[in-house]
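One letter stands for each residue in the lines below.
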Amino acid sequence: MLNKMAISLTYFNGTGRAEATRLALVLGDIEFEDIRINYDPNQWESQKKDFPLDQLPILKYNDTIFTQSAAQLRFAGRLANLYPIDPVRQLAVDEITEILLDILNKAPQSDDIKKKKRLREEYTEKHIKKSLAYVEQRIISHDCIWSAGSNISIADICVFLIMDLIAYNEFDFVPPDFCTQFVCCTQLYHRFSMLPKIRKYYLDRGRLEDDHLKQTPQTYTYDDDAALGQTCPSLDDLEIVTKSKNTALVGNNLVLLFLADYATGEYGTITGVSDLLQSFPTMQLYGISCDATRDQVESFVSKVGSPFPDIKLRELRAEMNIAYDANGVVRKQLQKFGSCGPSTVFVVNEDRKIIWREQLSRKQTVWQSQLPQQLSRVLHKKPLISNGCKPSTKPKLNEESDSEFEFDSDVQTDDSDGLLL
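Note that the structure is a prediction, hence the values are computed from the model and not measured. (Residues numbered from 1 in each chain as written. Predicted model: local features only at pLDDT ≥ 70, side-chain atom pairs only at ≥ 80, totals over all residues. Heavy atoms only, no water.)

Concerning the nonpolar core
Formally: The term nonpolar core refers to a set of buried residues drawn from Ala, Val, Leu, Ile, Met, Phe, Trp, Tyr and Cys, joined through side-chain atoms within 4.5 Å. Buried residues are those whose accessible area, probed at 1.4 Å on protein chains only, stays under 20% of the maximum for their type, while exposed residues exceed 50% and partly exposed ones sit between those limits. For the purposes of this entry, the term helix denotes a DSSP run of H or I that reaches at least four residues, the term strand denotes a run of E that reaches at least two, and both are numbered from the N terminus.
Core analysis: the biggest nonpolar cluster contains 68 residues, and Leu100 and Phe171 have the highest contact counts within it. Looking at this core element by element, the count peaks at eleven residues for helix H6 (residues 154–167). Counting 31 residues, the second largest nonpolar core, distinct from the first, contains Val241, Ala318, Trp367 and Leu375.

Written as structure tokens, this is what we have:
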């Protein structure tokens, strides 16, 4: 048996080609020495002679050094149970993994910034777009929440890595919002980034806990929203039709999602909120039906777990307390403060005060909204994001660079498995 304590991984002090292996080890709770070297182009020429094949990353197990980031990733994946045993499933994981690693490996380089910009822009449209579109279709065809099957794998780490590098502007000359056109990949990216071990890893690395959640919503909740600060009506009159199977949902903070059997188009929103709340076990999620009769609520419950191909939903998920609001008692009280229909979400703190309200929809999905970011701030007892008071015209949110690592855009090496992008 391997001594999992005897692993060290050496790379530059950035993400790049070692990050996938790091994340696999983190997910597997495998202790390793994370050795990071500050990159200095003036010193690297002499430094690289100290490493096999003049390149990084290297992985050391006991006294043996191994090169090649893809091999290191599979090694870490096997240790962490993120690499399947079945040959066919291995093939599915390897296909997606190699496609995504190729995006890094084939990225054009040049010392001439203008030339590099031109080459990268062409590469983005011709290669990255084609590769991510293929992965997108693979995710759809596998009909699971992860890219290559029902279990998380190193392929999902690679999806996250590529999209994270682009989102954080660490992939030179690729627009940070480029990946948003790939809906399934984007959903997987956010799902992966919300895993507790991943969140903790980046928090420990100095990245703000909710950086990866930042979105520019199509609609805004302003500080003078009539619902904010109001007392949430009592939920005692709600009739719970089905209880959440998640016994961890025992917290004092509440999330109220209004849903309806008739609003089939919003089933994707219900699924998204359900998935999101799995990362917030101290918050109780209630799905309050807008339907007029209990039979309609039971009809909705019977559809949970079913696919809805017309709206491109592989499975309706609703891990929540689904409630019948007889005579619309709760809904009517909340309507005093504004709209309250299907896909309206309220966040209620432990003092039973409404601290956030947001209208989700097919055009403003969970991951395009500010809900994930706000829930993260509630969890960590931080002030919520403020959008200011409602202006006469729609504002533009300030865009700031949140990149954890800053590198010269023209940095490159002559190594096939070398530095960055």
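A closer look at the packing of helix H4 (residues 87–105) against helix H5 (residues 113–142)
Heads up, the rule is: Helix axes are fitted to C-alpha atoms over the stretch in contact, other axes to C-alpha atoms as well, and angles between N-to-C directions run from 0 to 180 degrees. Roughly parallel means an angle under 35 degrees; roughly antiparallel, over 145; roughly perpendicular, 65 to 115; everything else is oblique. Crossing handedness follows the turn of the near helix against the far one: under a right angle anticlockwise gives a left-handed crossing, and clockwise gives a right-handed one. Contacts were defined at the residue level, with two residues in contact if any of their heavy atoms lie within 4.5 Å. In this classification, Asp, Glu, Lys and Arg are treated as charged, Ala, Val, Leu, Ile, Met, Phe, Trp, Tyr, Cys and Pro as nonpolar, and every other residue, Gly included, as polar.
Here H4 crosses H5 at 160 degrees, and the two axes come no closer than 10 Å. Between H4 and H5, the interaxial angle falls into the category roughly antiparallel. Of the two possible hands of crossing, H4 and H5 adopt the one that is left-handed. Across the interface between the two elements, Ala92, Glu95, Ile96, Ile99, Leu100, Asp102 and Ile103 of H4 pack against Tyr123, His127, Ile128, Ser131, Leu132, Tyr134, Val135, Arg138 and His142 of H5. When the residues that make up the contact of H4 with H5 are grouped by side-chain class, the tally is ten nonpolar, three polar and three charged.

Describing the pattern of salt bridges
This is how the line gets drawn: Salt bridge, as used here, is a side-chain nitrogen of Lys or Arg placed within 4 Å of a carboxyl oxygen of Asp or Glu.
In the structure shown here, the tally under the stated rule is 21 salt bridges. The residue Glu95 makes a salt bridge to Arg138 at a minimum N-O spacing of 2.7 Å. Separated by 43 residues along the polypeptide, Glu95 in helix H4 and Arg138 in helix H5 bring together distant segments of the chain. Exposure remark for Glu95: the relative accessible area of 24% places this residue in the partly exposed category. When the shortest N-O distance is used, the salt bridge between Asp275 and Arg191 registers 3.7 Å. A residue pair is termed long-range when its members are at least 10 positions apart, and Asp275 in helix H9 (residues 267–277) and Arg191 in helix H7 (residues 183–193) qualify at 84 residues. Among the residues examined, Arg191 registers a relative accessible area of 13% and is labelled buried.

Considering the packing of aromatic side chains
What counts here: Two rings from Phe, Tyr or Trp (for Trp, the six-membered ring) form a pair when their centres sit within 6.5 Å of each other. Planes less than 30 degrees apart are called stacked, planes more than 60 degrees apart edge-to-face, and all others tilted. Throughout this description, the term charge over a ring refers to an Arg CZ or Lys NZ atom that lies within 6 Å of the ring centre and within 35 degrees of the ring normal.
Considering all chains together, one arrives at twelve aromatic pairs under this definition. Taking the centre distance of 6.1 Å and the plane angle of 65 degrees together, the rings of Phe178 and Phe182 count as edge-to-face. Each member of the pair, Phe178 as well as Phe182, carries the same accessibility label: buried. Ring pairing ties together the aromatic residues Tyr11, Phe12, Tyr39, Trp44 and Phe51, which thus form one cluster. In this arrangement the basic side chain of Arg199 is found over the ring face of Phe280, its NZ or CZ atom lying 5.1 Å from the centre.

Concerning H5
Threshold: Expected span, for any helix, means 1.5 Å times one less than how many residues it has. Fitting axes to the seven residues ending at a residue and to the seven starting there, one defines the bend at that residue as the angle between these axes. Under the rule applied, a polar contact is a pair of N or O atoms within 3.5 Å (in protein, one hydrogen donor and one hydrogen acceptor; residues adjacent in sequence only if both atoms are side-chain atoms).
Helix length check: H5 (30 residues) gives 40 Å between terminal C-alpha atoms against 44 Å at 1.5 Å per residue, within 8%. Maximum bend of H5: about 40 degrees, positioned at Thr124. For H5, the complete set of buried residues consists of Lys116, Arg120, Tyr123, Thr124, Ile128, Ser131, Leu132, Val135, Glu136 and Ile139. Lining the buried residues of H5 we find H4, H6 and H7. The backbone nitrogen of Lys114 lies 3.0 Å from a side-chain oxygen of the residue at the head of H5, namely Asp112.

Comments concerning the environment of Arg22
Within the secondary structure, Arg22 is located in helix H1 (residues 19–27). Exposure remark for Arg22: the relative accessible area of 0% places this residue in the buried category. Residues Arg22 and Leu9 lie 13 residues apart in sequence; the distance between their C-alpha atoms is 7.9 Å. A distance of 3.2 Å separates a polar atom in the side chain of Arg22 from the backbone oxygen of Phe12. Here Glu19 takes part through its side chain, which lies 2.8 Å from a polar atom of the side chain of Arg22.

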